[in-house]
Amino acid sequence: MTISVTYNSVYGDISVKEVLSAWSAGFKTAGHGESNTGGFNTGARSYDGEQYATHGANGSDYAFIAESNASNGLHYVYNPDLPASSNQNHFLWGQLDNVKLGEVLTGGSGSPFGFDDYTVSFNGLDLSAASDAGRAGNAVQDVIYGLMRGNVAGLEGVLNTLLSEFNLSTDSTFDQLAAAGLAHADTAFAADIGLVGVQDAAQDWALTA
Ligand code: HEM
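On a predicted model such as this, the values are computed, not experimentally measured, just so you know.

Each value, and the rule that gives it
Residues numbered from 1 in each chain as written. Predicted model: local features only at pLDDT ≥ 70, side-chain atom pairs only at ≥ 80, totals over all residues. Heavy atoms only, no water. Donors = N, O, S within 2.8 Å, 3.2 Å for Na, K, Ca; no water. Buried < 20%, exposed > 50% of the residue type's maximum accessible area, 1.4 Å probe, protein only. UniProt positions renumbered as here; feature names shortened; annotations may be inferred. Helix = DSSP H or I, 4+ residues; strand = E, 2+ residues; numbered from the N terminus. Contact = heavy atoms within 4.5 Å. Near = heavy atom within 4 Å. Polar contact = N/O pair within 3.5 Å; in protein donor to acceptor, adjacent residues only side chain to side chain. Nonpolar A, V, L, I, M, F, W, Y, C, P; charged D, E, K, R; others polar.

Quick word on the coordination of the iron atom of the ligand
Right, on to step 1. Only His 32 (NE2) and Tyr 76 (OH) from the protein reach the iron atom of the ligand as donors, at distances of 2.0 Å.
Right, on to step 2. Overall, the relative accessible area of 32% leaves His 32 in the partly exposed class.

So, the UniProt feature "binding site: heme" (unreviewed entry) in the protein
Right, on to step 1. The feature "binding site: heme" (unreviewed entry), as given by UniProt, occupies His 32 and Tyr 76 in the numbering adopted here. A maximum C-alpha distance of 13.7 Å is found for the annotated residues, which run over 45 residues; spatially they form one tight group.
Right, on to step 2. By the secondary structure assignment, His 32 is in the loop between helix H1 (16–27) and strand S2 (39–40).
Right, on to step 3. When sequence neighbours within four positions are dropped, the list of residues in contact with His 32 reads Thr 37, Tyr 52, Tyr 76, Tyr 145 and Met 148.
Right, on to step 4. Inspection of the secondary structure assignment puts Tyr 76 in strand S6 (residues 74–77).
Right, on to step 5. With residues near it in sequence (within four places) discarded, Tyr 76 still touches His 32, Phe 40, Tyr 47, His 90, Phe 91 and Leu 92.

Regarding the site of the ligand
Right, on to step 1. If you check the shell around the ligand, you find 17 residues, and the closest are His 32, Tyr 76, Ala 84, His 90 and Tyr 145.
Right, on to step 2. Take Tyr 76: an N or O atom from its side chain is 2.9 Å from a nitrogen atom of the ligand.
Right, on to step 3. With respect to the ligand, the side chain of His 90 contributes an N or O atom lying 3.3 Å from a nitrogen atom.
Right, on to step 4. Ranked by the residues each element gives to the shell around the ligand, the list is headed by helix H2 (residues 139–148), at three residues.
Right, on to step 5. Here the residues of the shell around the ligand sort into nine nonpolar, six polar and two charged.

Right, dumping it as structure tokens:
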């Protein structure tokens, strides 16, 4: 599957790396654990679904959505019988296709996650991990647990691998990705920003991306 990127047109002349780093700074850290578990689209205490999302800590609105194109394609293993630190505990497996970054998380508890303000969606990441993958050497875990701590290195590595096939990298701007046919700007996002209460375009986009 080829990578495809949908970005808010206001970020067109900014590099992928700069946008990731701005998101990371805004997200701070989710401080994951009992107090900030994040959740699956299927429900607050569920461990499986098509999407897993969480937002930053300390009042940050920055958030991410990890998404599978497969029905019920992402699974979290939480086994209270194992120590929390066990490699076979607290890990994410399944098929990870898309990572979306933005601000002001919406949805969840049975409905699809979205954002009031979209930044970017990286689609076609094509990562997967088996049910017994554990944490070590699990690319799905590396990318998502990284983001949960505001660390974009795992995602950036995956993007660089995919973009290098096209002589592009995370140093490229979104408009350069678009010129290569890998990305498209969504001007509807830009129009949406600042229009308080108008969320339909963002929601539609979330469902069709
Ligand atoms: C789906 C992506 C998720 C990943 C990659 C993930 C990963 C982790 C990791 C690596 C830890 C640290 C374990 C340690 O102390 O070494 C942890 C802790 C924890 N996670 Fe998750 N987690 C995810 C989602 C969730 C969800 C959906 C819940 C609950 C609904 C949850 C509940 C917890 C709790 C309660 C702890 C603290 C456990 C303890 O200290 O005893 N996590 N998680």
